[in-house]
Amino acid sequence: MILYLFKISVKHHKIGIFILTVIQTIITLFTIFTPDKSEILTVGIDKFSLAMLLIINIVGTLIVIFANGYISEYEHHHGIESKQKLFYPIICLFLSAMNGLVVSDSLSMVYFFWEITTITSFILISYNGDDEAYKSGFRALFLNLIGGICFGVGNILLKKMLDIDTLSGIIQHGSISLSLMLPVFLLCIAGFVKSAQMPFQSWLLGAMVAPTPVSALLHSSTMVKAGVYLIVKLSPAYAGTRLGTVIAIYGAFTFFICSAIAVAQRNAKRILAYSTIANLGLIICSAGIGTGVAVSAAIILIIFHAISKALLFLCTGQIEHTIGSRDIEDMTGLIRIAPVLSILTSFGIISMILPPFGVLVTKWMSIEAAGSNPFVASFLVLGSALTTLYYTKWLGSILAYPVTELKAQDKKDFCIFFPLWALGFGVLMTSIFITPIFNNFVSPEVNKLLKKSTDMYIKRGEVVSKLGTFNEAMVFIALGLVVLFVILMRRLMISSANIKSIYMCGENNFAEGENYFRSWNGKYEKAKVSNLYFDNILDEKALTTFGYVVSSSIIIICLLGGLK
């Protein structure tokens, strides 16, 4: 891997990549020539690992099936030479590395698979082979190499300072004193980079240039989940400490600021990218809080978010092929020409923002766990409200009656729609069966990590904690009755309702098939229906700069003052 990094850094004249590779080489040589005889490369599969294996292999396989029906048309549309003989082996290597990462107990093995995902993601992001693709690929490589260096140094220090070289060793050791927290903090930095938290989020936004299956893999079920997986695994070391509080604030701030930026986005992929970064921030915040409820919420959110977000990314890619755009304003009336695709996309959106689906349930759990820290809880409440806002705008566009007729073709391809239906079914089933998921995968893992009970339980679809209960099963029953009522009403309706033309400002005028109205100043203006994006208030550039300053300050303050 090091030889490959040297090769591409020289070939493309990337001095930053070259320097980082030199540092990686020094770390590697140090670990080779100063071995510890007691270190054993071990595999450890627990309940969390099993859940991750299911996510990686089921969702990952569905994404590969989707790619089989998607990638040829993508290459034709972008006018690039077919690279499928490279594409599929690299994706399989990527998924294999993720499998290795989540079943490894030895930190050295985790580090090895960690770096394989870094290199394979660079190859996949650079798939198009143009300047923009390589720019985004090298940005991802540069930032993830920084994270890899933090991982390598943290791994060495953890062994030298605490004689710990496995994840299970961290769990057994429990809370670590502040004077010895530096190696854990460095491993957390590696997790922040891999999960694209501020100020490292630019690599994930740049990954949008890659084909949709690549975006789905990186953003939802695999690579970014490696970062939060590590941070949750490290939670026994910092639970209840000052570092844990800082991590909670850091994650909560990222959740809030990225949700605010997403409100001003029209590009569906950018909405999903910022939503991913925000939700990963929520997972990190929950891990930082460190209570049984919070860590439970973090693990459940990893599971539910992976399935829902994979569905949304794949739907977005197919929408772009259908109407030639990923602008949500261009999706107005999509329900008319692509009803199946629209319903699946809408279902994915609803699963992110409405009860009784698992994503919202875990957000409530996180907010409840943050009750002891009003500062963190405020960020979580505001971020959740903003999440509902930008997803509702997108949902409204898809289901709205079209102002103008869309020119598009709704194609039915088994390789495209089978993964979409399977993921939609997965979203529904995981939400319905949240009880066995919690009892079999989450609760035992939290008890093992924190060595205490989760302070909550889920029985027959009812979530019970100290602050109250939420009966998920009853909400599902109510939704089922609503759907049944709608179906019966549609059958009983004698005729469909007449859809009236737009009425604005007291006077409608038609010219050349377009709808005009007389505005406040007496002039005729073309009627335009669109969402509000609050560009001036939620300016992406200004909020990103603000986010860089705050998130970097949190990290620096923690490094310089919080670990003493």
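Values in this document were obtained by computation on a predicted structure and should not be read as measured data. (Residues numbered from 1 in each chain as written. Predicted model: local features only at pLDDT ≥ 70, side-chain atom pairs only at ≥ 80, totals over all residues. Heavy atoms only, no water.)

1. Some words on the overall build of the protein
Here comes step 1: Each helix and strand counted, the protein has 23 helices and 6 strands in total.
Here comes step 2: Nonlocal contacts in the protein, meaning residues at least 24 apart in sequence, comprise 79% of its contacts between residues at least 6 apart.
Here comes step 3: Total accessible area on the protein stands at roughly 23700 Å², and carbon and sulfur atoms take up 66% of it. (Helix = DSSP H or I, 4+ residues; strand = E, 2+ residues; numbered from the N terminus. Contact = heavy atoms within 4.5 Å. Areas by Shrake-Rupley, 256 points an atom, 1.4 Å probe, with all protein chains shown as cover.)

2. What about the packing of helix α5 (residues 107–125) against helix α6 (residues 131–162)?
Geometry of a packed helix pair, given as the angle between the helix axes and the separation of the axes.
Here comes step 1: At a minimum axis distance of 8 Å, the contact between α5 and α6 shows a crossing angle of 175°. Classified by the angle between their axes, α5 and α6 sit roughly antiparallel to one another.
Here comes step 2: Of the residues contributing to the contact of α5 with α6, the split by class is 13 nonpolar, 8 polar and 1 charged. (Axes fitted to C-alpha atoms, helices over the stretch in contact; angles between N-to-C directions. Parallel < 35°, antiparallel > 145°, perpendicular 65-115°, else oblique. Nonpolar A, V, L, I, M, F, W, Y, C, P; charged D, E, K, R; others polar.)

3. What about the pattern of salt bridges?
Here comes step 1: Following the criterion strictly, the structure yields 8 salt bridges and no others.
Here comes step 2: Note that K448 is salt-bridged to D46, the shortest N-O span being 3.6 Å. Placement of K448 in helix α21 (residues 434–450) and of D46 in the loop between α2 (15–33) and α3 (47–78) is noted, with a sequence separation of 402 residues between them.
Here comes step 3: According to the relative accessible area criterion, K448 is partly exposed, its value standing at 39%.
Here comes step 4: Here D46 falls in the buried class, since its relative accessible area comes to 10%.
Here comes step 5: In this structure, R266 engages D327 in a salt bridge whose closest nitrogen and oxygen atoms are separated by 2.9 Å. Linking R266 in the loop between α13 (242–263) and α14 (268–289) with D327 in the loop between α15 (292–323) and α16 (334–337), this pair joins segments that are 61 residues apart in sequence.
Here comes step 6: Among the residues examined, R266 registers a relative accessible area of 36% and is labelled partly exposed.
Here comes step 7: Among the charged side chains, a network of salt bridges with common partners joins D46, K233, E445 and K448. (Salt bridge = Lys/Arg side-chain N within 4 Å of Asp/Glu carboxyl O. Buried < 20%, exposed > 50% of the residue type's maximum accessible area, 1.4 Å probe, protein only.)

4. So, a nonpolar patch on the surface
Here comes step 1: There is a patch of nonpolar side chains on the surface, built from V10, I15, F18, I19 and I23 and spanning about 430 Å² of accessible area.
Here comes step 2: Sorting elements by how many residues they give to the nonpolar patch places α2 first, with 4 residues.
Here comes step 3: Position of I23 among the secondary structure elements: in helix α2.
Here comes step 4: Residue class for I23 comes out partly exposed when judged on its relative accessible area of 32%. (Patch = residues over 30% accessible without salt bridge, like charges linked within 9 Å, V, L, I, M, F, W, Y side chains within 5 Å.)

5. Digging into the packing of α13 against helix α19 (residues 374–399)
Here comes step 1: Two numbers describe how α13 lies on α19: the axes approach to 8 Å, and their chain directions differ by 25°. When the axes of α13 and α19 are compared, the pair comes out roughly parallel. Read as a crossing pair, α13 and α19 show a hand that is left-handed. Mapping the contact onto sequence places A248, I249, A252, F253, F255, F256, S259, A260, A262 and V263 in α13 and F375, V376, F379, L380, L382, G383, S384, L386, T387, L389, Y390 and K393 in α19.
Here comes step 2: The class makeup of the residues in the contact of α13 with α19 is 17 nonpolar, 4 polar and 1 charged. (Left-handed = near helix turned anticlockwise from the far one by under 90°.)

6. Here we look at the confidence of the model for the protein
Here comes step 1: Here the protein averages 83 in pLDDT, and 89% of its residues register 70 or above.
Here comes step 2: Mean pLDDT values over the elements of the protein span from 59, in strand β4 (residues 508–511), up to 91, in helix α1 (residues 2–11). (pLDDT = per-residue confidence, 0-100.)

7. Examining helix α20 (residues 414–432)
Here comes step 1: In this model α20 runs 26 Å from its N-terminal to its C-terminal C-alpha over 19 residues, within 8% of the 27 Å that 1.5 Å per residue would give.
Here comes step 2: C415, I416, F417, P419, L420, L423, G424, G426, V427, T430 and S431 are the residues of α20 that are buried. (Expected span 1.5 Å × (residues − 1).)

8. Structural notes on the packing of aromatic side chains
Here comes step 1: Tallying each qualifying case throughout the model produces 18 aromatic pairs.
Here comes step 2: Both rings, one in F6 and one in F18, keep their centres 5.2 Å apart while their planes meet at 65°; by these two values the pair is edge-to-face. Here F18 lies in helix α2 and F6 lies in helix α1, a separation of 12 residues in the sequence.
Here comes step 3: Judged by its relative accessible area of 23%, F6 is partly exposed.
Here comes step 4: Under the relative-accessibility criterion, F18 is labelled partly exposed at 32%.
Here comes step 5: With a centroid separation of 5.3 Å and 20° between ring planes, the pair formed by F414 and F418 is classed as stacked. (Phe/Tyr/Trp six-rings, centres within 6.5 Å; stacked < 30°, edge-to-face > 60°.)

9. As for the nonpolar core
Here comes step 1: In this structure, V232, Y238, W394 and L420 are the most contacted members of the largest nonpolar core, which totals 192 residues.
Here comes step 2: Per-element tally for this core: the top contributor is α15, with 21 residues.
Here comes step 3: The contacts of Y238, once residues within four sequence positions are left out, are M181, V184, C188, I231, L243, G244, I247, A287 and G288. (Core = buried A, V, L, I, M, F, W, Y, C linked by side-chain atoms within 4.5 Å.)

10. Some thoughts on the side chain of E320
Here comes step 1: Structurally, the position occupied by E320 is in helix α15.
Here comes step 2: If near-sequence neighbours (up to four positions away) are discounted, E320 is found in contact with S325 and R326.

11. Observations regarding helix α11 (residues 223–233)
Along an α-helix, residues three or four positions apart point the same way, because every turn accommodates 3.6 residues.
Here comes step 1: With 11 of 11 residues buried, α11 is to be regarded as a mostly interior element.
Here comes step 2: The set of residues buried in α11 consists of M223, V224, K225, A226, G227, V228, Y229, L230, I231, V232 and K233.

12. Description of the environment of V361
Here comes step 1: The residue V361 is located in helix α18 (residues 358–369) in this model.
Here comes step 2: Put simply, V361 and L301 are 60 residues apart on the chain and 8.8 Å apart in space, counted from C-alpha to C-alpha.
Here comes step 3: What V361 contacts, discounting residues up to four positions off in sequence, is P356, I434, V463, F470 and E472.

13. Describing the environment of H219
Here comes step 1: Among the secondary structure elements, H219 is positioned in helix α10 (residues 212–221).
Here comes step 2: Separated by 23 residues in sequence, H219 and A196 place their C-alpha atoms 9.4 Å apart.
Here comes step 3: Here H219 is in contact with L204, A207, V224, K225, A273, T276, H305 and F313, once residues within four sequence places are set aside.

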